[in-house]
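Close look at the chain arrangement
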Amino acid sequence: MYIPAHFAETRPEALQRIMREHPLGMLVTHGSAGLDAEHLPFEHDPDAGTHGTLIAHVARANPLWQRCPAGTPVMVVFRGAEAYISPNWYPSKHETHRQVPTWNYEVVHVHGTLTAHDDERFVRRVVARLTRSHEAAEPKPWKMGDSAPEFIDTMLRNVVGLEIAITSLVGKLKLSQNREVPDRRGAADTLDARGHTAMAQAMRQAGSTP
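Just so it is clear, the model here is predicted, and its values are computed rather than measured.

1. A short note on the overall build of the protein
For the protein, the count of helices and strands is seven helices and eight strands. Principal-axis analysis of the C-alpha atoms places the extent of the protein at approximately 70 × 45 × 30 Å. Taking all 210 residues of the protein together, 41% fall into the buried category. Partitioning the intrachain contacts of the protein with sequence separation of at least 6 by distance along the chain shows that 74% fall at a separation of at least 24. For the protein, the accessible surface area stands at approximately 11,900 Å², while carbon and sulfur atoms represent 55% of it. On the protein, the mean spot of the 23 positive side-chain charges and the mean spot of the 24 negative ones are 4 Å from each other.

See below:
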């Protein structure tokens, strides 16, 4: 990934925020059949290892877990807020007419090694953690105990756990940091007015960061 210096993001807390708020990651692998990508919700454990680990699960019928031996190098891509930026939103465009369209976005590339766990205890832990995370905002969060034990046991037997030991995190926040303050403000205000509040907020925060 090409990263100009003004778009580079190295702060662990900023990268972890994107992974936490946008947990559907794209798991990229490369094997004898070439490149492949799976789209999976991940849970990040920042305290396991230097950069933490990612956990997820796939259907037992998915050949991914069998064709990737333990230690297989992989990459997971997490995409945060993103939006098209029109040059019409820059005040300077109307003065100089020397601006062009662009696309702003937040992205994290997680590099690591993959291990599949065909183990009921591991899978149960993965499902429990994912459930707690994504049910937390519900008035009455669903939990595995709400279903009959034999039903849950059957469901768990049909999935396999995945664990990725993270070796590096690479972040890019392209948020108009290379624009003058009036242009950044004009674009953010327009995005806000059009309902792209997450991108507008990200741009304002990037503008206030030294």
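2. A look at the packing of aromatic side chains
A complete count under the given rule lists two aromatic pairs for this structure. For the pair Phe42 and Phe78, a centre-to-centre distance of 6.0 Å together with 75 degrees between the ring planes defines the contact as edge-to-face. Pair noted here: Phe42 is in the loop between strand E3 (34-41) and strand E4 (43-45) and Phe78 is in strand E6 (residues 72-85), with a separation of 36 residues, a long-range link. Centroid distance Tyr84 to Trp103: 5.9 Å. Interplanar angle 65 degrees. Geometry classified as edge-to-face. Placement of Tyr84 in strand E6 and of Trp103 in strand E7 (residues 102-117) is noted, with a sequence separation of 19 residues between them. Given the relative accessible area of 39%, Tyr84 is considered partly exposed.

3. Comments concerning the environment of Ala165
Mapping Ala165 onto the fold places it in strand E8 (residues 159-174). For the pair formed by Ala165 and Gly52, sequence separation is 113 residues and the distance between their alpha carbons is 6.7 Å. Dropping the residues within four chain positions of it, Ala165 is found in contact with Gly52, Thr53, His111, Gly112 and Thr113.

4. Observations regarding the nonpolar core
Core analysis: the biggest nonpolar cluster contains 37 residues, and Leu27, Phe42, Leu54 and Phe78 have the highest contact counts within it. Of all the secondary structure elements, the ones that give two or more residues to this core are helix H1 (12-21), strand E5 (53-59), helix H2 (64-67), E6, E7, E8, helix H6 (181-193) and helix H7 (197-208). The biggest single contributor to this core is E6, with six residues. Excluding residues within four positions of it along the chain, Phe78 makes contact with Ile18, Met19, His22, Pro23, Leu24, Gly25, Phe42, Leu54, Glu106, Val107, Val108 and Val110. By size, the runner-up hydrophobic cluster in this structure holds seven residues, among which are Val127, Ala128, Ile152 and Leu156.

5. Side note on the pattern of salt bridges
Under the counting rule described, the total for this entry stands at 12 salt bridges. Across the salt bridge formed by Arg11 and Glu9, the nearest N and O atoms sit 2.8 Å from each other. Assessed through its relative accessible area of 35%, Arg11 is described here as partly exposed. The salt bridge involving Arg17 is made with Glu106; its shortest N-O contact spans 2.8 Å. Of this pair, Arg17 sits in helix H1 while Glu106 is found in strand E7, placing the two residues 89 residues apart along the sequence. In this structure Glu106 comes out as buried when scored by relative accessible area, which is 4%.

Reading guide: rules and limits
- Residues numbered from 1 in each chain as written.
- Predicted model: local features only at pLDDT ≥ 70, side-chain atom pairs only at ≥ 80, totals over all residues.
- Heavy atoms only, no water.
- Helix = DSSP H or I, 4+ residues; strand = E, 2+ residues; numbered from the N terminus.
- Buried < 20%, exposed > 50% of the residue type's maximum accessible area, 1.4 Å probe, protein only.
- Contact = heavy atoms within 4.5 Å.
- Areas by Shrake-Rupley, 256 points an atom, 1.4 Å probe, with all protein chains shown as cover.
- Lys, Arg positive; Asp, Glu negative; His and termini not counted.
- Charge placed at Lys NZ, Arg CZ, Asp CG, Glu CD.
- Phe/Tyr/Trp six-rings, centres within 6.5 Å; stacked < 30°, edge-to-face > 60°.
- Core = buried A, V, L, I, M, F, W, Y, C linked by side-chain atoms within 4.5 Å.
- Salt bridge = Lys/Arg side-chain N within 4 Å of Asp/Glu carboxyl O.

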